Amino acid sequence: AFIRYFEQQGHQAVPSSALIPQADPTLLFTNAGMVQFKDTFLGLEQRPYKRATTSQKCLRVSGKHNDLENVGPSPRHHTFFEMLGNFSFGDYFKRDAIRFAWHLLIDELGLPLERMWFSVYNDDDEAERLWIEAGAPKERVLRFGKKDNWWSMGDTGPCGPSSEIHYYWGDLATQTAAGVNKDDEYLEIWNLVFMQYDAKPDGTLAPLPAPSVDTGAGLERLASILQGKDNNYDTDAFAPIMARIQELLGQDDAHRQQNLARYRAIADHSRSISFLIAEGVMPGNEGRNYVLRMILRRAAR
Ligand code: SER
């Protein structure tokens, strides 16, 4: 539905790139949808389209974005996941990025506005105004600093202020703005990055050739909301894997419940391991091979 929606809005559907970045020595693994478009954002590569949409295989185990230790205890963090994205290469900017996200989530997928929160970067008055124009109540648009609302791929490369969409799945009576970016009941589902700069190795920010858009929504998280589950492991992507683990162990539901974090870590890590091996990575002592071995060991432990 995501890809189809953005195709209807004039985006080219592009296949996921590999987990192993083909020509980028700054990254061990693809950690976001924008990785395959890095040179397009930087103006170093021209593509025959200015708008694209993808469902990208991602691995967040090493480097700047690392979720390994959250996997198991967290109902929604993964080492391997699929990131849904829409991209503008110097075409549309904040207004349409916000309009598209609103239209897809609220009008097409039918998410309830009374559970939605929107965040913008500290001084981004424009993004705040655009959310309100789209239909968000002012008190649901919050401001955060660099930690939450600034995105960069790594220490260098394209970056910029971002705007996030959060979904509250708890009891409506206890919902509050103070829980966003803090409590587990507030789920970050989509990050809209307004790409404007290229971070240089000396720390300076050079403007990109044109303001651009890079967004990332967690497929597994959106699925949990649309399937009415309070965690990703009960969705159709994971339920069969969880059931298979239980079957291999010959255990009952009480055992799964008592060892939930362990089942979840095994389910998550099995996916990562499978995709890495499928791309030719082997357990070993260095670099990517070491990361694979580390994930495998954590699952075994
Ligand atoms: N690059 C941003 C992220 O990973 C948006 O896609 O969150």
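All figures in this text were calculated on a predicted structure; none of them were measured in a lab.

A. Region of the structure containing the nonpolar core. Ranked by size, the top nonpolar core spans 33 residues in total, and within it L105, M116, F118, W131, I165, I189 and W190 carry the most contacts. The element contributing the most residues to this core is helix α3 (residues 94-108), with 8 residues. Filtering out sequence-adjacent residues up to four positions away, M116 remains in contact with L105, I106, L111, R140, I165, H166, Y167 and I189. Grouped together as the second largest cluster of nonpolar side chains are 20 residues, V14, L42, C58 and F81 included.

B. Seen up close, the layout of surface pockets. Empty space within the largest pocket amounts to approximately 1,100 Å³. Around the largest pocket sit 40 residues that line it, and R60, H77, E164, E188 and R221 are the ones nearest its centre. Among the secondary structure elements, those contributing two or more residues to the lining of the largest pocket are β3 (80-88), α5 (146-149), β6 (150-152), β7 (157-168), β8 (186-199), β9 (205-218) and α6 (219-226). If one sorts the elements of the lining of the largest pocket by residue count, β8 sits on top with 7 residues. The calculated volume of the second largest pocket comes to roughly 270 Å³. Grouping the constituent residues of the lining of the second largest pocket by class yields 6 nonpolar, 5 polar and 5 charged.

C. Representation of the environment of R115 within the structure. With respect to the helices, strands and loops of the structure, R115 is situated in the loop between α3 and β4 (116-121). Since its relative accessible area comes to 17%, R115 is described here as buried. For the pair R115 and N289, spaced 174 residues apart in sequence, the C-alpha to C-alpha distance is 42 Å. Not counting residues up to four positions away in its chain, the partners in contact with R115 are R140, H166, Y167, Y168, W169, G170, L172 and Q175.

D. Here's a closer look at helix α10 (residues 287-300). With 14 residues, α10 should cover 20 Å at 1.5 Å per step; its first-to-last C-alpha distance of 20 Å lies within 8% of that length. By the burial criterion, the buried members of α10 are V291, L292, I295, R298 and A299. For α10, the buried positions fall inside an angular range of 130 degrees around the axis, keeping them on one side. As for α10, its buried residues are in contact with α9 (260-278).

E. Representation of the site of the ligand in the model. Taken together, A32, M34, R60, M83, W151, N191, V193, D214, T215 and G216 make up all the residues around the ligand. The backbone of T215 places a nitrogen or oxygen atom 3.2 Å from an oxygen atom of the ligand. Here the ligand has 230 Å² of accessible area as a free molecule, and 96% of this is covered by the chains. Given that more than half its atoms are within 2 Å of the pocket grid, the ligand belongs to the largest pocket. Those elements that provide at least two residues to the shell around the ligand are β8 and β9. Taken together, the residues that form the shell around the ligand break down as 5 nonpolar, 3 polar and 2 charged.

F. The arrangement of the packing of aromatic side chains in detail. Per the stated rule, a full pass over the model turns up 19 aromatic pairs. It is R140 that lies over the ring of W117; its NZ or CZ is 4.4 Å from the centre. Residue placement shows K146 over the ring face of W150; its charged tip is 4.6 Å from the ring centre.

G. View of unusual backbone geometry. Positive phi outside glycine occurs at N181, with the angle close to 65 degrees. Structurally, the position occupied by N181 is in the loop between β7 and β8.

H. Geometry of the packing of helix α7 (residues 239-249) against α9. Between α7 and α9, the shortest axis-to-axis distance is 9 Å and the interhelical angle comes to 115 degrees. Of the possible angle classes, the one that applies to α7 and α9 is roughly perpendicular. When you trace α7 past α9, the crossing you get is right-handed. Residue-level contacts link I241, M242, I245, Q246 and L249 of α7 to L260, Y263, R264, I266, A267 and R271 of α9. Here the contact of α7 with α9 is composed, by residue class, of 8 nonpolar, 1 polar and 2 charged.

I. Geometry of the pattern of salt bridges. Summed over all chains, the structure comprises 17 salt bridges. With its nearest N and O atoms 3.7 Å apart, the salt bridge here joins E45 to R47. The exposure class assigned to R47 is partly exposed, which follows from its relative accessible area of 23%. The shortest N-O distance in the salt bridge between K94 and E126 comes to 3.6 Å. On the criterion of sequence distance, the pair formed by K94 in helix α3 and E126 in helix α4 (residues 125-134) is long-range, its members being 32 residues apart. Of the residues examined, K94 reaches a relative accessible area of 7% and is grouped as buried. Three or more residues are tied together by salt bridges with common partners; here these are D125, E128, K138 and R143.

Reading the values: rules and limits
Residues numbered from 1 in each chain as written. Predicted model: local features only at pLDDT ≥ 70, side-chain atom pairs only at ≥ 80, totals over all residues. Heavy atoms only, no water. Core = buried A, V, L, I, M, F, W, Y, C linked by side-chain atoms within 4.5 Å. Buried < 20%, exposed > 50% of the residue type's maximum accessible area, 1.4 Å probe, protein only. Helix = DSSP H or I, 4+ residues; strand = E, 2+ residues; numbered from the N terminus. Contact = heavy atoms within 4.5 Å. 1 Å grid on protein atoms, 1.4 Å probe; cavity = no way out; pocket = protein on both sides within 12 Å on 5 of 7 lines; lining within 4 Å. Points joined across faces, edges and corners; volume = space filled by probe spheres on them. Nonpolar A, V, L, I, M, F, W, Y, C, P; charged D, E, K, R; others polar. Expected span 1.5 Å × (residues − 1). Arc of directions from axis to C-beta. Near = heavy atom within 4 Å. Polar contact = N/O pair within 3.5 Å; in protein donor to acceptor, adjacent residues only side chain to side chain. Areas by Shrake-Rupley, 256 points an atom, 1.4 Å probe, with all protein chains shown as cover. Sits in = over half its atoms within 2 Å of the grid points. Phe/Tyr/Trp six-rings, centres within 6.5 Å; stacked < 30°, edge-to-face > 60°. Lys NZ or Arg CZ within 6 Å of the ring centre and 35° of its normal. Axes fitted to C-alpha atoms, helices over the stretch in contact; angles between N-to-C directions. Parallel < 35°, antiparallel > 145°, perpendicular 65-115°, else oblique. Left-handed = near helix turned anticlockwise from the far one by under 90°. Salt bridge = Lys/Arg side-chain N within 4 Å of Asp/Glu carboxyl O.

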